[in-house]
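# Coordinate analysis (summary)
Single-letter residue listing:
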Amino acid sequence: MNAKGKVHKYLDNVDTDVIIPARYLNSSEPSELAAHCMEDIDKDFVNNVEQGDIMVARNNFGCGSSREHAPIAIKASGIGCVIAATFARIFYRNAINIGLPIMECPEAAENINDGDEVEVDFDTGIIKDITTGKEFKAEPFPEFIKEIINKNGLMNSLN
Amino acid sequence: MGMTMTQKILADHAGLESVKAGQLIKAKLDMVLGNDVTTPVAIKEFKAAGFDKVFDKDKVSIVLDHFTPNKDIKSAEHCKMCREFAGDKDVTNFYDVGEMGVEHALLPEKGLVAPGEVIIGADSHTCTYGAVGAFSTGVGSTDMAAGMATGEAWFKVPSALKFNLTGKPAKWISGKDVILHIIGMIGVDGALYKSMEFGGDGLKYLSIDDRLTMANMAIEAGGKNGIFEVDDVTKAYLDERVDREYKIYTADSDAQYDAVYDIDLSALKPTVAFPHLPENTKTIDEVGEVKLDQCVIGSCTNGRLEDLEKAAEIFKGKHVAKNVRAIIIPATQKIYREAMKEGLFDIFMDAGCVISTPTCGPCLGGHMGILAKGERAISTSNRNFVGRMGHPESEVYLASPVVAAASAIKGYICGPDEI
């Protein structure tokens with residue numbers, strides 16, 4: 001499985017309150033959540049994002065609230081993969097559980113620029129920055145987690 | 001190799017002799033919790049996967065606390081969905097308006113969490129119950145759905161940071177100052193994926209309410225859980241609430257920690273976290289002049305009886321500054337009633353404060369105290385992210401109840417000694 005698209009780059013400690021502000025949590029509809037994704041730190045995101053684009057951030061991405069609405073909003077906005085140096089642990093679980101591909105790779109998080117064209121291979125963990133020609137390798141998931149991802153989320157893996 | 005307190009609880013719940021940091025395990029759950037924001041998503045997942053009953057009706061708690069009493073039609077629809085699910089699945093611990101409180105104040109108060117238990121909740125502040133020696137951690141809605149269906153959850157066994165507390169805190173220093181100090185020291189990802197284990201001689205000076213505040217904010221350092229050694233203070237609290245048997249775990253003497261921090265409680269000063277991260281802490285003598293528009297005293301962090309009693313000590317005979325709105329939110333119906341009986345409501349109302357029904361409300365910018373563009377609030381809650389309490393250009397400063405109360409009276413951030 002692959003993802004290829006334009007990069008939307010953010011910095012450290014992107015919290016779930018800015019990914020999807022609580023004022024919109026009276027809805028749990030993915031499309032409604034996606035319409036407000038990132039708006040408190042990047043008003044243009046929802047207008048600029050295209051299907052398959054890639055979000056890149058630095059440390060502690062998704063910190064704060066446990067709201068699964070955050071990875072749901074990102075996924076429904078069209079993002080095909082989130083790459084960060086580190087993820088906050090609840091966001092990490094939630095992304096895996098709902099089938100939003102994520103990759104931990106500090107080098108990629110540091111070196112990929114906003115607007116770069118990037119291709120990600122989920123099987124090998126290879127991240128290619130087509131714009132700069134640089135290549136990075138993400139930590140592979142443990143087998144246990146790969147199984148959840150391969151079954152397209154936690155609930156499917158229970159059956 | 002020895003195990004930490006958290007590792008021993010997880011090993012027992014996974015049916016294993018021992019576990020080590022990094023190991024992936026499946027553990028049995030003693031409680032699965034959700035609220036009116038996260039449970040609707042869990043219900044959809046639960047139904048879509050074809051489950052028709054919960055694993056144990058006594059081990060699921062659903063608390064309608066975030067946008068209640070319903071703030072709008074959509075919130076009302078979410079609550080209705082939770083109510084119908086709880087009724088249909090015969091969920092014992094379903095708390096609706098009239099019985100509900102802020103979930104992390106309510107569950108310990110009702111005796112629904114006990115030492116040695118494993119609890120997951122679809123709310124990040126589920127880590128609160130480590131105050132009574134439980135392993136508890138926040139998860140998302142899908143984990144809640146799977147937990148309700150199977151009674152199990154997967155975990156990566158965490159390594160740990162040890163906080164050795166010594167000394168006696170000064171009069172106005174509370175658990176809030178201790179945890180803000182720690183987050184300021186290690187940062188918002190200082191405990192990422194790790195346990196924060198609290199112990200030491202200084203523990204005896206921290207009440208259960210102090211410990212609940214501290215464990216509550218473990219997530220603000222990125223922690224998987226925060227957990228306290230069980231002592232006589234814990235046992236006295238539990239004696240009045242828990243009648244089932246529970247097991248007290250202690251860390252092995254040779255347990256491994258990633259780091260050990262010595263915290264001298266006697267050296268701490270009132271501490272405030274500046275926008276827009278809980279790690280941006282300053283002691284009260286460093287804050288400078290910060291004028292305020294609003295003060296909120298409440299939340300799962302600091303809406304308990306002791307918090308209200310301390311705030312009342314400051315507010316007694318005083319009045320909030322002109323143009324400052326002071327909002328007091330007792331966290332549960334029981335706390336509300338006790339505060340009223342103790343005469344605290346008269347003190348608050350004479351001081352010009354408003355008293356709300358229990359709700360998470362303003363803490364997450366839901367309702368009951370939203371900030372306009374450019375406004376500043378001091379709050380006893382746990383997060384001060386961009387837009388957390390309203391407009392993206394508003395600001396939230398985190399502090400203890402006594403600092404919040406003193407600041408409301410003066411109209412700018414100050415310590416209780418100024419009153």
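Residues numbered from 1 in each chain as written. Chains lettered and ligands numbered in written order. Predicted model: local features only at pLDDT ≥ 70, side-chain atom pairs only at ≥ 80, totals over all residues. Heavy atoms only, no water.

### Quick notes on the overall build of chain A
Counted only if it meets this: Think of it this way: any DSSP run of H or I at least four residues long counts as a helix, any run of E at least two long counts as a strand, and we number them from the N terminus. Here the globule rule reads 2.2 Å times residues to the power 0.38, and the radius of gyration is calculated from C-alpha atoms. With a 1.4 Å probe rolled over the protein chains alone, any residue whose accessible area is under 20% of its type maximum counts as buried; one over 50% counts as exposed, and the rest are partly exposed. Contact criterion: two residues are considered in contact whenever any of their non-hydrogen atoms come within 4.5 Å of each other. Using a 1.4 Å probe, accessible areas were evaluated by the Shrake-Rupley method; residue-level cover was limited to the displayed protein chains. Two residue types count as positive, namely Lys and Arg, and two as negative, namely Asp and Glu; His and chain ends fall outside the count. For charged residues, the charge sits on one atom: NZ in Lys, CZ in Arg, CG in Asp, CD in Glu.
Scanning chain A from terminus to terminus reveals 8 helices and 7 strands. Computed over C-alpha atoms, the radius of gyration of chain A comes to 14 Å, within 12% of the 15 Å expected from 2.2 N^0.38 for 159 residues, which places it in the range of a compact globule. Structurally, chain A occupies a C-alpha span of about 40 × 40 × 25 Å along its principal axes. Residue burial in chain A is summarised as follows: out of 159 residues, 58% are buried. When contacts within chain A are restricted to residue pairs at least 6 apart in sequence, those whose partners lie at least 24 apart make up 65%. Carbon and sulfur atoms make up 46% of the accessible area of chain A, which amounts to about 6200 Å² in all. When the 15 basic and 26 acidic side-chain charges of chain A are each reduced to a single mean position, those positions are 3 Å apart.

### What about the nonpolar core?
For the record, the criterion: The nonpolar core is taken to be a set of buried Ala, Val, Leu, Ile, Met, Phe, Trp, Tyr and Cys residues, with the residues joined through side-chain atoms within 4.5 Å.
Judged by nonpolar contacts, the single largest core of 128 residues is most densely connected at Phe 61, Ile 74 and Phe 91 of chain A together with Phe 155, Phe 315 and Phe 348 of chain B. Looking at this core element by element, the count peaks at 7 residues for helix 13 (residues 401-410) of chain B. Here Phe 315 of chain B is in contact with Ile 297, Val 320, Ile 328, Ile 347, Phe 348, Ala 351, Cys 353, Ala 405, Ala 408 and Ile 409 of chain B, once residues within four sequence places are set aside. Within the second largest apolar cluster, 61 residues are counted, among which are Ile 90 of chain A together with Tyr 129, Ile 179 and Ala 377 of chain B.

### Digging into unusual backbone geometry
Residues and elements named next belong to chain B. Residue Pro 69 follows Thr 68 across a cis peptide bond; omega there is -15°. Here Pro 69 shows up in the loop between strand 3 (60-63) and helix 3 (73-88). With an omega of 0°, the peptide bond running from Pro 275 to His 276 counts as cis. Looking at the secondary structure, you find His 276 in the loop between strand 12 (271-273) and strand 13 (281-283).

### A few points about the confidence of the model for chain B
Basically, it comes down to this: The predictor rates its confidence in each residue with pLDDT, a number between 0 and 100.
Taken as a whole, chain B shows an average pLDDT of 98; of its residues, 100% reach a score of 70 or greater. Scored as a complex, the prediction yields pTM 0.97 and ipTM 0.96.

### Things to note about the packing of helix 2 (residues 39-48) of chain B against helix 5 (residues 141-150) of chain B
Residues and elements named next belong to chain B. Applied cut-off: Between the N-to-C directions of two axes lies an angle of 0 to 180 degrees, each axis being a line fitted to C-alpha atoms and, for a helix, fitted only over the stretch in contact. In what follows, roughly perpendicular refers to angles from 65 to 115 degrees, roughly parallel to angles under 35, roughly antiparallel to angles over 145, and oblique to any angle outside these ranges. Here a crossing is taken to be left-handed if its near helix is turned anticlockwise relative to the far helix by less than a right angle, and right-handed if that turn runs clockwise. Each residue gets one of three labels, nonpolar for Ala, Val, Leu, Ile, Met, Phe, Trp, Tyr, Cys and Pro, charged for Asp, Glu, Lys and Arg, and polar for the others, Gly among them.
Contact pair helix 2 / helix 5: the axes reach a minimum separation of 8 Å and the direction vectors enclose 55°. Classed by the angle they form, the pair helix 2 and helix 5 counts as oblique. When you trace helix 2 past helix 5, the crossing you get is right-handed. Of the residues in helix 5, those touching helix 2 at Thr 39, Val 41, Ala 42, Glu 45 and Phe 46 are Ser 141, Thr 142, Met 144, Ala 145, Met 148 and Ala 149. Residue composition of the contact of helix 2 with helix 5, by class: 7 nonpolar, 3 polar and 1 charged.

### Focus: empty space enclosed by the protein
All names here are of chain B. Convention followed: Residues are called lining when one of their atoms sits within 4 Å of a cavity or pocket point, these points coming from a 1 Å grid over the protein atoms alone, where a cavity is a set in which a 1.4 Å probe fits but cannot get out and a pocket is an open set with protein on both sides within 12 Å along at least five of seven lines. Grid points are joined across faces, edges and corners, and a volume is the space filled by probe spheres set on the points.
In the structure shown here, the tally under the stated rule is 5 cavities of 30 Å³ or more. Its boundaries defined by the atoms lining it, the largest cavity holds a volume of some 220 Å³. Lining the largest cavity are 24 residues, and of these His 66, Asp 123, His 125, Leu 364 and Arg 388 lie nearest its centre. Listing elements by their share of the lining of the largest cavity, those giving two or more residues are helix 4 (103-109) and helix 9 (299-302). Of the residues belonging to the lining of the largest cavity, the class tally is 8 nonpolar, 10 polar and 6 charged.

### Notes on the sheet that holds strand 2 (residues 54-57) of chain A
All names here are of chain A. What counts here: Following DSSP output, two strands are said to pair if at least two bridges run between them.
An order of 4-3-2-1-5-6-7 is seen for the 7 strands of this open sheet, with the pairing classed as mixed. Two strands bound the open sheet, and with one partner strand each, they are strand 4 (102-104) and strand 7 (135-137). Looking at each pair of strands side by side, their axes are set apart by 25° on average, direction ignored. With 3 bridges connecting them, strand 6 (residues 126-129) and strand 7 associate as antiparallel partners. What sits directly across from Ile 126, in strand 7, is Lys 137.

### Notes on the sheet that holds strand 9 (residues 195-199) of chain B
Residue and element names in this part refer to chain B. One open sheet holds the 4 strands; their spatial order is 10-9-8-11, and the pairing between them is parallel. Each edge of the open sheet is held by one strand with a lone partner, namely strand 10 (225-228) and strand 11 (259-264). In this sheet, neighbouring strand axes are inclined to one another by 20° on average, regardless of whether the strands run parallel or antiparallel. In this sheet, strand 9 lies alongside strand 8 (residues 160-166) in parallel orientation, the contact comprising 5 bridges. Among the inter-strand pairings, Leu 161 is bridged to a residue of strand 9, identified as Met 196. Packed onto the sheet, helix 7 (residues 208-216) meets strand 8, strand 9 and strand 10 and runs at close to 155° relative to strand 10.

### Quick notes on the layout of surface pockets
Each pocket or cavity is described by its volume, and for the largest pocket that value is around 480 Å³. As for the largest pocket, its lining consists of 23 residues, and the residues nearest its centre are Met 1, Phe 122, Phe 141, Ile 149 and Asn 150 of chain A. When residues of the lining of the largest pocket are traced back to their parent elements, those giving at least two are helix 5 (89-98), strand 4 and helix 7 (143-150) of chain A. Looking at the lining of the largest pocket, the element that brings in the most residues is helix 7 of chain A, giving 4 residues. Considering only residue class, the lining of the largest pocket consists of 13 nonpolar, 6 polar and 4 charged. By volume, the second largest pocket amounts to about 400 Å³. What lines the second largest pocket is a set of 23 residues, among which Tyr 92, Glu 104 and Ile 145 of chain A together with Lys 156 and Tyr 193 of chain B lie closest to the centre. Those elements that place two or more of their residues in the lining of the second largest pocket are helix 5 and strand 4 of chain A together with strand 7 (152-156) of chain B. Looking at side-chain class alone, the lining of the second largest pocket contains 14 nonpolar, 2 polar and 7 charged residues.

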